[in-house]
Amino acid sequence: MTRETPGPEPIVVVGAALLDGGRLLAARRSAPADLAGRWELPGGKVEAGERPEDALVRELHEELGVDAEPVGRVPGRWPLRAPYVLQVWTARLRPGSPAPRPLQDHDDLRWLTPAELWQVDWLDQDVPAVREVERLAAFSA
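Since we're looking at a predicted model, the values are computed, not measured. (Residues numbered from 1 in each chain as written. Predicted model: local features only at pLDDT ≥ 70, side-chain atom pairs only at ≥ 80, totals over all residues. Heavy atoms only, no water.)

Let's shift gears to helix H2 (residues 127-135). Restricting attention to buried positions, one finds in H2 the residues Val127, Ala129, Val130, Glu132 and Val133. The inward-facing, buried residues of H2 contact strand E1 (11-20), strand E5 (68-79) and strand E6 (84-93). (Buried < 20%, exposed > 50% of the residue type's maximum accessible area, 1.4 Å probe, protein only. Helix = DSSP H or I, 4+ residues; strand = E, 2+ residues; numbered from the N terminus. Contact = heavy atoms within 4.5 Å.)

Quick look at the structure:
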């Protein structure tokens with residue numbers, strides 16, 4: 001009997017469904033070249049020893065210059081390029097936070113209403129997560 005060797009533990013990438021006034025924030029990638037021009041939920045990798053919620057707050061500060069707080073985990077986990085997996089949280093800006101601005105890897109931001117949600121070219125790997133956010137009707141949060 002042979003034993004299967006387990007693969008590497010997946011590395012979690014957190015994405016933020018940042019909600020404000022019934023709108024969802026989308027960020028357009030400027031890098032790398034194969035992703036440039038497409039839209040995503042902002043976020044990034046969870047560092048070793050870091051809680052995903054803390055990574056979300058850190059990444060939103062680094063990428064958008066905002067002070068945000070996680071609200072709740074969006075059910076699901078979506079595969080990215082191995083060994084990465086995407087987990088998404090709804091989040092909101094804390095009172096007094098500066099307005100989001102593109103600082104790293106993005107060249108544009110758009111607040112999308114539910115009617116505008118599919119008017120941007122989402123990255124393929126973000127589409128199932130965005131569908132789940134839409135299904136949850138999280139826009140009304």
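Moving on from the coordinates now.
The next point concerns the environment of Arg94. By secondary structure assignment, the location of Arg94 is in the loop between E6 and strand E7 (106-112). For the pair Arg94 and Asp67, spaced 27 residues apart in the sequence, the C-alpha separation amounts to 5.8 Å. The contact partners of Arg94, leaving out residues within four places of it in the chain, are Val57, Asp67, Ala68 and Glu69. A distance of 3.0 Å separates the side chain of Arg94 from the backbone oxygen of Ala68, its partner in a polar contact. (Polar contact = N/O pair within 3.5 Å; in protein donor to acceptor, adjacent residues only side chain to side chain.)

Grouped together as the largest cluster of nonpolar side chains are 20 residues, with contacts concentrated most on Leu24, Leu41, Val88 and Trp122. Broken down by element, the residue count for this core peaks at four residues, all from H2. Val14, Leu25, Val46 and Ala68 belong to the second largest nonpolar core, which has 17 residues in total. (Core = buried A, V, L, I, M, F, W, Y, C linked by side-chain atoms within 4.5 Å.)

What follows covers the layout of surface pockets. If you add up the space inside the largest pocket, you get close to 580 Å³. Every residue lining the largest pocket is counted, 23 residues in all, and those nearest its centre are Val13, Arg29, Leu35, Glu40 and Leu80. Where the lining of the largest pocket is concerned, the elements lending two or more residues are E1, strand E4 (43-45), helix H1 (52-64) and E6. Here the residues of the lining of the largest pocket are counted per class, giving ten nonpolar, five polar and eight charged. (1 Å grid on protein atoms, 1.4 Å probe; cavity = no way out; pocket = protein on both sides within 12 Å on 5 of 7 lines; lining within 4 Å. Points joined across faces, edges and corners; volume = space filled by probe spheres on them. Nonpolar A, V, L, I, M, F, W, Y, C, P; charged D, E, K, R; others polar.)

A word on the pairing of E1. Most of E1 sits out of view: eight of its ten residues are buried. Looking at chain direction, E1 and E6 are connected through eight bridges and run parallel. When the bridges of E6 are listed, Gly15 appears paired with Val88. Sheet topology places E1 next to E4; three bridges connect them, and they run antiparallel. When the bridges of E4 are listed, Gly15 appears paired with Gly43. (Pairing = 2+ DSSP bridges.)

Right, let's talk about unusual backbone geometry for a bit. The linkage connecting Ala31 with the following residue, Pro32, adopts the cis geometry, with an omega of -10°. Tracing the backbone shows Pro32 in the loop between strand E2 (23-29) and strand E3 (39-40). Geometrically, the link from Ala82 to Pro83 is a cis peptide bond, its omega value of 5° lying close to zero. As for its position among the elements, Pro83 is in the loop between E5 and E6.

By the element assignment, Arg29 lies in strand E2. On the basis of relative accessible area, Arg29 is assigned to the buried category, the value being 12%. Setting aside anything within four residues of it in sequence, one finds Arg29 in contact with Leu35, Ala36, Gly37, Arg38, Glu40, Asp105, His106, Asp107 and Leu123.

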